Amino acid sequence: MTQEELFKVLVAHCKEYGFIFPSSEIYDGLAAVYDYGQMGVQLKNNIKNYWWEAMTRLNENIVGIDSCVFMHPKTWVASGHVAAFNDPLIDNRDSKKRYRADVLIEEYLAKIEEKMDKEVAKGKKRFGDAFDEAQFRATNPNVLREKAKYDEIHNRYVKAEQANDLQEYKQIILDAGIVCPISGTANWTDVRQFNLMFSTTMGSTGNPDLDKIYLRPETAQGIFVEYLNVQKTGRMKIPFGIAQIGKAFRNEIVARQFIFRMREFEQMEMEFFVKPGTEMEWFKKWKENRMKWHVNIGMGEENYRFHDHEKLAHYANAATDIEFRFPFGFKELEGIHSRTDFDLGNHQKLSGKKIQYYDPETGESYVPYCVETSIGVDRMCLAVLSHAYAVEKLENGEERVVMRIPAPLAPIKVAVMPLVKKDGLPELAQKVVDELKYDFAYQYDEKDSIGKRYRRQDAIGTPFCVTVDHDSLVDGTVTVRERDTMTQQRVKIEDLRALIDSKVSLTNLLRNL
Ligand code: GAP
């Protein structure tokens, strides 16, 4: 199965097992808007808990808030979103499809990179242990030809991005021979800027311009406008952070990758306020800290990488992404930015309120600098789900679909099943449920054969299945079957809680950080 096919199968699986549904599906759905079902919401909540506790409990100097989606419209003038929260869009006249010009170019460059990697892989196979990758890349004519193509387009693209040169974007697309994947033609319109903010009206002046209000495109501004309140009421001393989880809205031009790019999504953002001049040190610390948080989940260190930004936003003096290996390649999962005093400084200017920190030790007052960590909850769900999905051949020739979701994030931690629906087994199974339900999300299942019940739990990623059988009535033990290894062991009912907890506990995950 190609990665693309696997992705399609994953989307279908997410729907079939209650993780994620297209929004308003009975009306044929709404593009790039998705609902979380009974399994998805628990996965999402577990991810949010892991992030929230890691931020606000493990760091004495980070507190959390919950600000509103609606904010004063001047917020978005100060933040620069009204003027510059744009994507360059381009239409293909034949297919009538709309694309992001920058994404078309980036995908073209990624394809060249793929070609070079394939050449290298062939070389590796041919030369075996004697293979010297650096030398191969520096001398192989096929790689050199692709590299020259890559460098030429890449250099022009970086310059066009920096100069915000929309005409040059189009010229690059034409020169590189990029065609519309639907029509196959290069019949492109000019590139235009498109503002991604959703707006609505609030109030009753009857003048839509006066009443215009935006749905926040990031949660961060809610933190900046509450900076003074939190700092004062919490008696926070710099350096300190404010964390928030909440919805954000963007009218994305291209929204084709399931929950990777949505129009309504959720962010987990933390703004860390520091003394000017110390921001690079904190930027480095937060890069390390956030990578550790990811790797700690256990989805393989090799599936993450940093990608430093070549073009810095006008307010940033350093920026990097943590990328994850999604089924469609390495893509941004989280952004870490050193945002200087841009946001607080602009809110100070536009509101006329003094937003400064008085340092009692030095007697100085200053607008703090800020290092931001920002991750999408939905993208994190996609990372977990796409990494977890596996189809395995069993010894008896059958197949099983198993979601190897890291146990502390799994929606259901344990399934309790009586072997048969009689002989007092359901009653004893209910007692087991009573023993476990205060600590773990569980399912009780007595329908179908045990094999079928195991398959159902594998498909939603339940780490443990507990079967109550006739021996259980005699000796008070049950069979515990583990999802990944499918191994089974007899365990006393009173020991179940500790055994399950040792694998699924969020506390243990946090302790490892
Ligand atoms: N406050 C900074 C900020 O919003 P961003 O890079 O635009 O930065 C941060 O977004 C994170 O939010 C991304 O790394 C991604 O995980 C998530 N995100 C952004 N746009 C998204 C979308 N349309 N759908 C889902 N997640 C999105």
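Here the residue numbering is sequential within each chain, running from 1 through the sequence in written order. For this predicted model, a pLDDT threshold of at least 70 governs which residues receive local features, and a threshold of 80 or more governs which side-chain atom pairs are given and counted, while totals over whole chains, interfaces and linings are taken from all residues. The side-chain figures draw on all heavy atoms in the structure; neither hydrogens nor water molecules are used.

### Re the overall build of the chain
Quick note on the threshold: Each helix is a run of H or I in the DSSP string that is no shorter than four residues. Each strand is a run of E no shorter than two, and both are numbered from the N terminus. Using C-alpha atoms as the atom set, the radius of gyration is obtained and then compared with a globule rule of 2.2 Å times the number of residues to the power 0.38. When a residue's accessible area, from a 1.4 Å probe over protein chains only, is under 20% of the maximum for its type it is buried; when over 50% it is exposed; and in between it is partly exposed. Contacts were defined at the residue level, with two residues in contact if any of their heavy atoms lie within 4.5 Å.
If you tally the helices and strands in the chain, you get 19 helices and 23 strands. Over its C-alpha trace the chain gives a radius of gyration of 26 Å, about what one expects of a compact globule, namely 24 Å for 513 residues. For the chain, the C-alpha atoms occupy an extent of roughly 75 × 65 × 55 Å along the three principal directions. With 513 residues in all, the chain has 50% of them scored as buried. Looking at the chain alone, contacts between residues at least 24 apart form 65% of all its contacts between residues at least 6 apart.

### Details of helix 8 (residues 166-175)
Worth spelling out the cut-off: Each C-beta atom gives one direction from the helix axis, and the arc is the one those directions make. Under the rule applied, a polar contact is a pair of N or O atoms within 3.5 Å (in protein, one hydrogen donor and one hydrogen acceptor; residues adjacent in sequence only if both atoms are side-chain atoms).
Turning to helix 8, its buried residues are Leu-166, Tyr-169, Lys-170, Ile-172 and Ile-173. Mapping the buried residues of helix 8 onto a view down its axis gives an arc of 160°, with all of them on the same face. The elements touched by buried residues of helix 8 are strand 4 (86-91), helix 5 (101-127), helix 7 (141-163) and strand 6 (192-195). For helix 8, the side-chain oxygen to backbone nitrogen distance between the N-cap and Gln-167 is 3.3 Å, and the N-cap itself is Asp-165. Just downstream of helix 8 lies Gly-177, where phi reads positive at about 70°.

### Description of the packing of helix 5 against helix 8
Basically, it comes down to this: In this analysis, axes come from line fits to C-alpha atoms, helices being fitted only over the stretch in contact, and the angle between any two N-to-C directions falls in the range 0 to 180 degrees. Helix crossings fall into two classes, left-handed where the near helix is turned counterclockwise from the far one by less than a right angle and right-handed where it is turned clockwise. Under the scheme applied, nonpolar residues are Ala, Val, Leu, Ile, Met, Phe, Trp, Tyr, Cys and Pro; charged residues are Asp, Glu, Lys and Arg; polar residues are all the others, including Gly.
Interhelical geometry of helix 5 versus helix 8 gives an angle of 35° and a closest axis separation of 10 Å. Of the two elements, helix 5 crosses helix 8, and the hand of that crossing is left-handed. Contact residues: Ala-101, Leu-104 and Ile-105 in helix 5; Tyr-169, Ile-172 and Ile-173 in helix 8. Taken together, the residues that form the contact of helix 5 with helix 8 break down as six nonpolar, no polar and no charged.

### Considerations on the site of the ligand
Filter applied, for reference: Whether a residue is near a molecule or strand is decided by its heavy atoms; if any one of them lies within 4 Å of it, the residue is near. Computed with the Shrake-Rupley method and a 1.4 Å probe, the accessible areas treat only the protein chains shown as cover for residues.
In the vicinity of the ligand, 20 residues are found, and the nearest of them are Glu-218, Glu-252, Met-262, Glu-269 and Glu-332. A distance of 2.6 Å separates a nitrogen atom of the ligand from a polar side-chain atom of Glu-218. Between Leu-333 and the ligand, the recorded distance is 2.9 Å, taken from a backbone N or O atom to an oxygen atom. Isolated, the ligand exposes 560 Å² of accessible area, and the fraction of that covered by the protein chains is 91%. Residue contributions to the shell around the ligand peak at five residues, all from strand 13 (residues 329-340). Split by residue class, the shell around the ligand holds six nonpolar, four polar and ten charged.

### Examining helix 2 (residues 40-56)
Our working rule: An expected span of 1.5 Å times one less than the residue number is assigned to each helix.
Given a rise of 1.5 Å per residue, 17 residues ought to cover 24 Å, and the 24 Å separating the end C-alpha atoms of helix 2 matches this to within 8%. Taken together, the buried positions of helix 2 are occupied by Gly-40, Leu-43, Lys-44, Asn-46, Ile-47, Lys-48, Tyr-50, Trp-51, Glu-53, Ala-54 and Met-55.

### Quick notes on unusual backbone geometry
Leaving glycine aside, a negative phi is the common case for residues, and trans is the common case for peptide bonds. In this chain, Ile-238 is followed by Pro-239 through a cis amide linkage whose omega measures 5°. Note that Pro-239 resides in the loop between helix 11 (227-233) and strand 9 (240-249). Of note in the backbone geometry, Lys-96 takes a positive phi value of approximately 65° without being a glycine. With respect to the helices, strands and loops of the structure, Lys-96 is situated in the loop between strand 4 and strand 5 (98-100). One non-glycine residue, Thr-340, lies in the positive phi region at around 50°.

### Some remarks on the nonpolar core
Basically, it comes down to this: Here, nonpolar core means buried Ala, Val, Leu, Ile, Met, Phe, Trp, Tyr and Cys residues that are tied together by side-chain atoms lying within 4.5 Å of each other.
Judged by nonpolar contacts, the single largest core of 61 residues is most densely connected at Trp-51, Met-380, Leu-385 and Ile-405. Ranked by the residues each element gives to this core, the list is headed by helix 14 (residues 377-388), at eight residues. Setting aside anything within four residues of it in sequence, one finds Ile-405 in contact with Phe-19, Leu-43, Val-384, Leu-385, Ala-388, Ala-410, Pro-411, Ile-460, Gly-461 and Arg-483. Membership of the second largest hydrophobic core comes to 26 residues, among which are Val-120, Phe-136, Ile-153 and Ala-176.

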